[in-house]
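Residue strings, one per chain:
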Amino acid sequence: EESQRPLSRLKNVLVLRDYQENINYAFVESSWERDLCGNNAPIALKNPIASQMSVMRSSLLGGLLAALRTNLARKQTRVRLFEVGGCFAAEAGSYVQQERVAGLAYGTVVAEQWGVPSRNIDFYDVKGDVEALFAPRKLSFDAVAHPASHPGRSARILLEGRAIGWIG
């Protein structure tokens, strides 16, 4: 069915657009949840494996940003990452897990070469990557604030009028 695309297809689209898959723990720092997701009540673990991995993630963003930081520390100037993984929320006295897809793009649009002038990636480049995941279906974008984005530089992603994510 067209409304349910296999994860392998989504991964292939991202790889063909020069993203590399990243895999992170589902346990994250509570400050990531607060600062990046606006989640002041994350799901706490009773026995975390490390103090900086004390809550369950509700977003894939923290792990992607940590991987970007690692790449930048190793002098990488162009980074394209994506992750497919479970995110967790408390709901009606229980816990739910949802599979999500997230991506991060940093640096120039294309790797340095003589045939194409160098230009840093912008909102519209990433918007094109997101639209490619859903083609031929059409997405719409509404400007909306998000805790992890600079004010005025994020949007909610809508598919057939239903919010399915954000970009910023």
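All of the points below concern the structure found in this document. Not measured: the values here are computed from a predicted model.

Quick notes on the rules
- Residues numbered from 1 in each chain as written.
- Predicted model: local features only at pLDDT ≥ 70, side-chain atom pairs only at ≥ 80, totals over all residues.
- Heavy atoms only, no water.
- Helix = DSSP H or I, 4+ residues; strand = E, 2+ residues; numbered from the N terminus.
- Rg over C-alpha atoms; globule rule 2.2 N^0.38 Å.
- Buried < 20%, exposed > 50% of the residue type's maximum accessible area, 1.4 Å probe, protein only.
- Contact = heavy atoms within 4.5 Å.
- Areas by Shrake-Rupley, 256 points an atom, 1.4 Å probe, with all protein chains shown as cover.
- Lys, Arg positive; Asp, Glu negative; His and termini not counted.
- Charge placed at Lys NZ, Arg CZ, Asp CG, Glu CD.
- Polar contact = N/O pair within 3.5 Å; in protein donor to acceptor, adjacent residues only side chain to side chain.
- Pairing = 2+ DSSP bridges.
- Axes fitted to C-alpha atoms, helices over the stretch in contact; angles between N-to-C directions.
- Core = buried A, V, L, I, M, F, W, Y, C linked by side-chain atoms within 4.5 Å.
- Arc of directions from axis to C-beta.

1. Re the overall build of the protein chain
Thought 1: Helix and strand content of the protein chain: 4 helices and 8 strands.
Thought 2: For the protein chain, whose C-alpha radius of gyration is 17 Å, the value lies close to the compact-globule estimate of 15 Å for 168 residues.
Thought 3: Taking the principal axes of the C-alpha coordinates as reference, the protein chain spans close to 55 × 40 × 35 Å.
Thought 4: Within the span of the protein chain, comprising 168 residues, buried residues form 32% of the whole.
Thought 5: Look at the contacts in the protein chain between residues 6 or more apart in sequence, and 54% of them connect residues 24 or more apart.
Thought 6: Per element, the accessible surface of the protein chain, about 10900 Å² overall, is 52% carbon and sulfur.
Thought 7: Seen as two clouds, the 20 positive and the 17 negative side-chain charges of the protein chain have centres 2 Å apart.

2. Considering the side chain of Thr108
Thought 1: In this fold, Thr108 is placed in the loop between β5 (94-106) and α4 (123-134).
Thought 2: Here Thr108 falls in the buried class, since its relative accessible area comes to 18%.
Thought 3: For Thr108, the contacting residues outside a window of four places in its chain are Thr77, Arg78, Arg80, Ser118, Arg119, Asn120 and Ile121.

3. Concerning the side chain of Glu83
Thought 1: With respect to the element layout, Glu83 can be found in strand β4 (residues 79-91).
Thought 2: Polar side-chain contacts of Glu83 include one of 2.7 Å to the side chain of Asn24.
Thought 3: Glu83 has contacts with Asn22, Ile23, Asn24, Arg57, Leu60, Leu64, Arg100, Val101 and Ala102, leaving out every residue within four places of it along the chain.

4. Re the environment of Asn71
Thought 1: Mapped onto the fold, Asn71 is located in helix α3 (residues 61-73).
Thought 2: As a C-alpha pair, Asn71 and Met56 span 15 residues in sequence and 24 Å in three-dimensional space.
Thought 3: Sequence-distant contacts of Asn71, defined by excluding residues within four places in its chain, comprise Gln76, Val79 and Leu81.

5. As for the sheet that holds strand β6 (residues 139-143)
Thought 1: Spatially, the 3 strands line up as an open sheet ordered β6-β7-β8, and their pairing is antiparallel. The open sheet has two edge strands, β6 and β8 (162-167), and neither has a second partner. Direction aside, neighbouring strands of the sheet carry axes that sit 35° apart on average.
Thought 2: Relative to strand β7 (residues 155-159), β6 runs antiparallel, the two being bridged by 5 bridges. Residue Ala143 lies in a different strand from β7, and its bridge partner there is Ala155.

6. Some words on the nonpolar core
Thought 1: The biggest cluster of nonpolar side chains holds 8 residues, and these are Leu10, Val13, Leu14, Tyr19, Phe82, Val84, Ala132 and Leu133.
Thought 2: Sorting the residues of this core by element identifies α1 (7-16), β4 and α4 as the ones contributing at least two each.
Thought 3: Each residue touching Phe82, except ones within four places of it in the same chain, is listed here: Lys11, Leu14, Val15, Tyr19, Gln20, Glu21, Asn22, Leu64, Ala102 and Gly103.
Thought 4: Of all hydrophobic cores here, the second largest spans 7 residues; its members include Phe141, Ala155, Ile157 and Leu159.

7. Things to note about α1
Thought 1: By the burial criterion, the buried members of α1 are Leu10, Val13 and Leu14. Taken down its axis, α1 places every buried residue within 95° of arc, on the same side.

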